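Here is how the chains run, residue by residue.
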Amino acid sequence: MKQVLFSNWHLMRFIRLALVVFLFYNAFETHEWFFIAFGLFFLFQVIFNMGCASNGCGVNFNKKK
């Protein structure tokens, strides 16, 4: 867990973290608590480095003949 959290930080991970901070702040300021659900989704992606960034969702097109 410590390895996943503290390694492989790239630009998309920082952008997601900034988005999480913005969504949580926006939810607090406007009392629109639905923004917290979106913030938690992106926070999960930041913590576990998941998502489709950096070709993470690439499909292998190897054809067997």
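Parameters at a glance
- Residues numbered from 1 in each chain as written.
- Predicted model: local features only at pLDDT ≥ 70, side-chain atom pairs only at ≥ 80, totals over all residues.
- Heavy atoms only, no water.
- Helix = DSSP H or I, 4+ residues; strand = E, 2+ residues; numbered from the N terminus.
- Buried < 20%, exposed > 50% of the residue type's maximum accessible area, 1.4 Å probe, protein only.
- Areas by Shrake-Rupley, 256 points an atom, 1.4 Å probe, with all protein chains shown as cover.
- Axes fitted to C-alpha atoms, helices over the stretch in contact; angles between N-to-C directions.
- Parallel < 35°, antiparallel > 145°, perpendicular 65-115°, else oblique.
- Left-handed = near helix turned anticlockwise from the far one by under 90°.
- Contact = heavy atoms within 4.5 Å.
- Nonpolar A, V, L, I, M, F, W, Y, C, P; charged D, E, K, R; others polar.

For the rest of this paragraph, the subject is the overall build of the protein. Counting secondary structure elements, the protein contains 3 helices and 0 strands. Starting at the N terminus, the α and β elements of the protein follow one another as α-α-α. In the protein, which comprises 65 residues, the proportion classed as buried is 14%. When the accessible surface of the protein is totalled, it reaches about 5500 Å², and 69% of it is carbon and sulfur.

This next bit is on the packing of helix H2 (residues 11-30) against helix H3 (residues 35-48). Following both chains from N to C, one finds H2 and H3 inclined at 155°, their axes separated by 8 Å at the closest point. As judged from the angle between their axes, H2 and H3 are roughly antiparallel. Both H2 and H3 take part in a crossing whose hand is left-handed. Contact residues: Arg13, Arg16, Leu17, Leu19, Val20, Leu23, Phe24, Asn26, Ala27 and Thr30 in H2; Phe35, Ile36, Phe38, Gly39, Leu40, Phe42, Leu43, Gln45, Val46 and Ile47 in H3. A class-by-class count of the residues in the contact of H2 with H3 yields 14 nonpolar, 4 polar and 2 charged.

Attention now moves to the environment of Phe41. Turning to its location among the elements, Phe41 is positioned in helix H3. Residues Phe41 and Arg16, spaced 25 residues apart in sequence, show a C-alpha to C-alpha distance of 9.9 Å.

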